[in-house]
Amino acid sequence: MYRLLILLFAIQTSWAQQRPNIIYIMSDDHDADAISAYSHKILQTPHIDRLAKEGIKFNQNFVSNSICGPVRATLLTGQHSHLNGVTDNRIRFDSSKTTLPLLLQANGYQTALVGKWHLHSYPVGFDYWKILPGQGLYVNPRFINKEGDTLTQEGYATDVITDEAIKWLESRDQSKPFSLHIHHKAPHRYFLAPLKYVKQFHTTLFEEPSTLYANMEEHGTAWNLQTMSILKDMKLCSDLKVDPKFLENIPGLQPDAAEISYYHSIMNRIPEPERTELKKLYESRGRILQKQRPTGDALLRLKFQWYMRDYAACVASVDENVGRVLDYLDRKNLTNNTIVVYTGDQGMYLGENGWFDKRWMYDVSMQAPLLVRWPGIIKPGIETNALTQTIDYAPTLLNVAGVAVPKFMQGKSLLPILEGKKKNLKRKFLYYHFYEYKADHTVLPHLGIRGHQYKLIYFYTVKEWELYDLKNDPAEQNNLVLDPTYRTQLDKMKRILKRVKRKYQDPEPL
Ligand code: SGN
Ligand code: CA
């Protein structure tokens, strides 16, 4: 009997050792353009790039509803929003659903989650969790833990989340494989970075996107209704840290009471002496506004640069902390048996069309970075152009862990691509549906399909169609819907949309 037990234990242990550990790192609003493995436009991210160098880079990875809560619910369920129920940020996730972590846990994985959750209900399927309430705070963030306690932890959110994740790794049950989710708050607005990174980017001049000064009137109803313009909607005080005292006498730029109080509450959380130093750096912004009194394009030019500086500074800290996790794996000899995934919850407008935020089905916000490293399985430095989507994450990770993928999941396992056995998936079109209206940034609901070359979008509340040729117009500026040369293509895309919508069981009438 005793021998049998030992044998069973040995089998279990070697099985545990064979199944890889999983580290899933997801930051908030981290656009692929702000990862140097994808683009050198904005900043260098050597640690995140290490995953691309040692693993695979997905060039055509997309979300299905470009906003936080819905993407997180899709990650958990492998389903589009209409089936998992979280169609927008205001909806509570039904935690009784069968999810990726629950299935991993039931199959012998030790599961943990640290950081942003944003699904209103408490997490289920994690042996350990520590989440930020709502959007969370950058400085001295509050956490809710599994015991239901709310705790404030000193430090900067990205550092603290990483500290907590590493602490959990240290204390975990080493006889089981683990699956750890690290969900950063950064680089979400209101952007706030550690002093050293604010200093680093303080005078950087970023390249302006060619569409920064785009004219909305040349486009459809949705473009004209949105409130995500850097010029008109990005806040000088809360977003860009201009001290309200500099704006008191500038007509048109005076902040309202809410803005002033936001600014002070953000700044007052920063401990001294950093607060004073940071305020000193940001003083130059207020002085420029006082002196130049810019309006229109001149103001937009300044706001764009300040936005990019603060955003890049937040990302630099995410990169540093990804490095800390990778170093930890190296030090503990865990690198070889751990699959590491890095992604963002969606893309982010970094000045394209003059915008910030996300939501749209246009590639800027529909695309999400996806880098995966798994030594020995994924060949180092490879790339794929397969059309992949958030619905694929759960099936892939279950497959990687040797757990059967339930039928209700709508995505496909990407394991054959990771292993280099396949270059592409059979899928030719991705489905997309954005719902959240009327809410922040007033983007009209829309749905559509994206193929390798063409994209069809339908803004159904105003009955407006858009068709883009992504090969010839990657910035999606020329709506071809009225172009007679594209008539046949448009009809074809409408037929495919119906088919894809039916396949994914979206009940929205067309
Ligand atoms: C907040 C932001 C919005 C952002 C949403 C959703 N406003 O409301 O700019 O679109 O979150 O972001 S803020 O004034 O509070 O910063 S998401 O990434 O969580 O979906
Ligand atoms: Ca987000």
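Residues numbered from 1 in each chain as written. Chains lettered and ligands numbered in written order. Predicted model: local features only at pLDDT ≥ 70, side-chain atom pairs only at ≥ 80, totals over all residues. Heavy atoms only, no water.

### Structural notes on the coordination of the calcium ion (ligand 2)
Using the following cut-off: For Na, K and Ca the donor cutoff is 3.2 Å, while for all other metals N, O and S atoms must lie within 2.8 Å; water is not among the atoms, so some sites may look incomplete. What counts as a helix is a DSSP run of H or I of at least four residues, what counts as a strand is a run of E of at least two, and both are numbered from the N terminus.
The calcium ion (ligand 2) binds to the protein through Asp-28 (OD), Asp-29 (OD), Asp-345 (OD), Asp-345 (OD) and Gln-346 (OE1); the donor distances cover 2.1 to 2.7 Å. For the calcium ion (ligand 2), the donor residues sit on a single chain with the sequence spacing D-D-x315-D-Q. With Asp-28 in the loop between strand S1 (21-27) and helix H2 (46-54) and Asp-345 in the loop between strand S9 (338-344) and helix H12 (363-366), this residue pair connects regions lying 317 residues apart in the sequence.

### Focus: the packing of aromatic side chains
Here is the rule we go by: Between 30 and 60 degrees the pair is tilted, below 30 it is stacked and above 60 it is edge-to-face, where a pair is any two Phe, Tyr or Trp rings, Trp via its six-membered ring, whose centres lie within 6.5 Å. Residue exposure (1.4 Å probe, protein chains only): buried if accessible area is under 20% of the type maximum, exposed if over 50%, otherwise partly exposed.
This model, assessed by the stated rule, comprises 20 aromatic pairs. Here Tyr-24 and Tyr-393 contribute two aromatic rings whose centre-to-centre distance is 6.3 Å and whose plane-to-plane angle is 55°, an arrangement assigned as tilted. Separated by 369 residues along the polypeptide, Tyr-24 in strand S1 and Tyr-393 in helix H13 (residues 393-400) bring together distant segments of the chain. In this structure Tyr-24 comes out as buried when scored by relative accessible area, which is 1%. Among the residues examined, Tyr-393 registers a relative accessible area of 6% and is labelled buried. Ring geometry for Phe-201 and Phe-206: centres 6.5 Å apart, planes at 25°, overall stacked.

### Description of the sheet that holds strand S16 (residues 464-469)
Rule in force here: Pairing between strands is defined by DSSP: at least two bridges between the two strands are required. All axes here are fitted lines through C-alpha atoms, helices being fitted over the stretch that makes contact, and every angle between N-to-C directions spans 0 to 180 degrees.
In space, the four strands of this open sheet follow the order S13-S14-S15-S16, with antiparallel pairing throughout. Each of the sheet's edge strands pairs with one partner strand only, and the pair in question is strand S13 (430-434) and S16. Taken pair by pair, the neighbouring strands of this sheet meet at an average axis angle of 15°, ignoring direction. Sheet analysis places strand S15 (residues 454-459) next to S16, joined by six bridges and oriented antiparallel.

### Concerning the site of ligand 1
What counts here: One heavy atom within 4 Å of a molecule or strand makes the whole residue count as near it. Pairing of N or O atoms within 3.5 Å defines a polar contact, subject to two protein rules: one partner must be a possible hydrogen donor and the other a possible acceptor, and residues neighboring in sequence count only if both atoms are side-chain atoms. Exposure was quantified through the Shrake-Rupley algorithm and a 1.4 Å probe, taking into account, for residues, occlusion by the shown protein chains and nothing else. Side-chain classes are defined by residue name, with Ala, Val, Leu, Ile, Met, Phe, Trp, Tyr, Cys and Pro counting as nonpolar, Asp, Glu, Lys and Arg as charged, and the others, Gly among them, as polar.
Close to ligand 1 lie 18 residues; Arg-189, Tyr-190, Asp-357, Arg-359 and His-441 are nearest. Within the side chain of Asp-29, an N or O atom sits 3.3 Å from an oxygen atom of ligand 1. Cys-68 places a polar main-chain atom, nitrogen or oxygen, 3.0 Å from an oxygen atom of ligand 1. With the chains in place, 87% of the 460 Å² that ligand 1 exposes on its own is no longer accessible. Grouping the constituent residues of the shell around ligand 1 by class yields three nonpolar, six polar and nine charged.

### Description of the pattern of salt bridges
Proximity of charged atoms lets side chains of opposite charge pair with each other. As a reminder of what qualifies: A side-chain nitrogen of Lys or Arg and a carboxyl oxygen of Asp or Glu constitute a salt bridge if their distance falls within 4 Å.
Under the definition given, this model contains 29 salt bridges. In this structure, Asp-345 and Arg-72 form a salt bridge, with 3.3 Å as the shortest nitrogen-oxygen distance. Of this pair, Asp-345 sits in the loop between S9 and H12 while Arg-72 sits in helix H3 (residues 68-77), placing them 273 residues apart in sequence. In this structure, Glu-283 engages Arg-287 in a salt bridge whose closest nitrogen and oxygen atoms are separated by 2.8 Å. Taken together, the positions of Glu-283 and Arg-287, both in helix H10 (residues 274-292) and four residues apart, correspond to about one turn of that helix. The class of Glu-283 is partly exposed, set by a relative accessible area of 23%.

### Regarding H2
This is how it is decided: Read the arc as the range of directions from the helix axis to the C-beta atoms. By definition, residues are in contact when any of their heavy atoms lie within 4.5 Å.
Residues of H2 that are buried include every one of Ile-48, Asp-49, Leu-51 and Ala-52, and no others. An end-on view of H2 places all buried positions within 145° of arc, on one side of the element. Where H2 is buried, its residues touch strand S2 (56-58), helix H11 (296-331), S9 and strand S10 (370-373).

### What to know about the sheet that holds strand S6 (residues 142-145)
Reading across the sheet, the 10 strands line up as S7-S6-S5-S4-S8-S1-S9-S10-S2-S11 and stay open at both edges, with mixed pairing between neighbours. Each end of this open sheet is capped by a strand with a single partner; those strands are strand S7 (150-152) and strand S11 (382-384). Within the sheet, the average angular offset between the axes of one strand and its neighbour, ignoring direction, is 15°. Bridging between strand S4 (residues 110-116) and strand S5 (residues 128-132) involves five bridges; their strand directions are parallel.

### A closer look at the domain arrangement of the protein
Worth spelling out the cut-off: Just so you know, the domain bounds were taken from an automatic or database domain assignment. Here's the idea: put two parts together, see how much 1.4 Å probe accessible area each one loses, and the total over both is what we call buried area.
On domain assignment, one finds that the protein holds domain 1 (1-377 + 384-421) and domain 2 (445-503). Each of domain 1 and domain 2 has a C-alpha centre, and these two points are 29 Å apart. Residue-level contacts link 17 residues of domain 1 with 18 residues of domain 2. Between domain 1 and domain 2, a total of about 1,400 Å² is buried, with carbon and sulfur atoms accounting for 55% of that surface. For domain 1, the biggest contributors to the area lost against domain 2 are Met-361, Tyr-362 and Leu-387; these three give 41% of the whole. The interface formed by domain 1 and domain 2 contains two salt bridges. Among the salt bridges present, the one from Asp-363 reaches Arg-450, with a minimum N-O distance of 2.7 Å. Along the contact surface separating domain 1 from domain 2 lie eight residue pairs in polar contact (both at pLDDT 80 or more). Of all elements in the fold, only helix H8 (221-225) and H12 reach the threshold of two or more residues within the side of domain 1 that touches domain 2.

### Concerning the pairing of S15
Counted residue by residue, S15 has six buried out of six residues, so it is predominantly covered. Burial along S15 is two-sided: Tyr-454, Leu-456 and Tyr-458 and Lys-455, Ile-457 and Phe-459, pointing in opposite directions, are all buried. Pairing between strand S14 (residues 446-450) and S15: four bridges, direction antiparallel. What sits directly across from Gly-448, in S15, is Ile-457. Linkage of S14 to S15, two consecutive antiparallel strands, is achieved through a turn of three residues. Where S15 folds back onto S16 in an antiparallel hairpin, the turn is made up of four residues, including Lys-463, whose phi is positive at roughly 55°.

### Thoughts on helix H6 (residues 157-171)
Selection rule: By this rule, a helix spans an expected 1.5 Å times one less than how many residues it contains.
Counted at 1.5 Å a residue, the expected span for H6 with its 15 residues is 21 Å, and the 21 Å between its end C-alpha atoms agrees. All buried positions along H6 are accounted for by Ala-157, Thr-158, Val-160, Ile-161, Thr-162, Glu-164, Ala-165, Ile-166, Trp-168 and Leu-169. Tucked into the core, H6 has its buried residues touching S1, S4, S5, S6, strand S8 (178-183) and H11.

### Let's talk about the nonpolar core
The condition is simple: For the purposes of this section, nonpolar cores are sets of buried Ala, Val, Leu, Ile, Met, Phe, Trp, Tyr and Cys residues that join through side-chain atoms within 4.5 Å.
Membership of the largest hydrophobic core comes to 83 residues, with the highest contact counts inside it found for Ile-23, Leu-180, Leu-289, Tyr-307 and Tyr-342. With 19 residues, H11 is the single largest residue contributor to this core. Leave out the neighbours within four places in its chain, and Tyr-307 touches Phe-191, Ile-230, Met-234, Leu-240, Met-348, Tyr-349, Leu-350, Gly-351, Trp-355 and Phe-356. If you look at the next biggest cluster of nonpolar residues, it comprises 30 residues, including Tyr-24, Leu-104, Tyr-109 and Ile-339.

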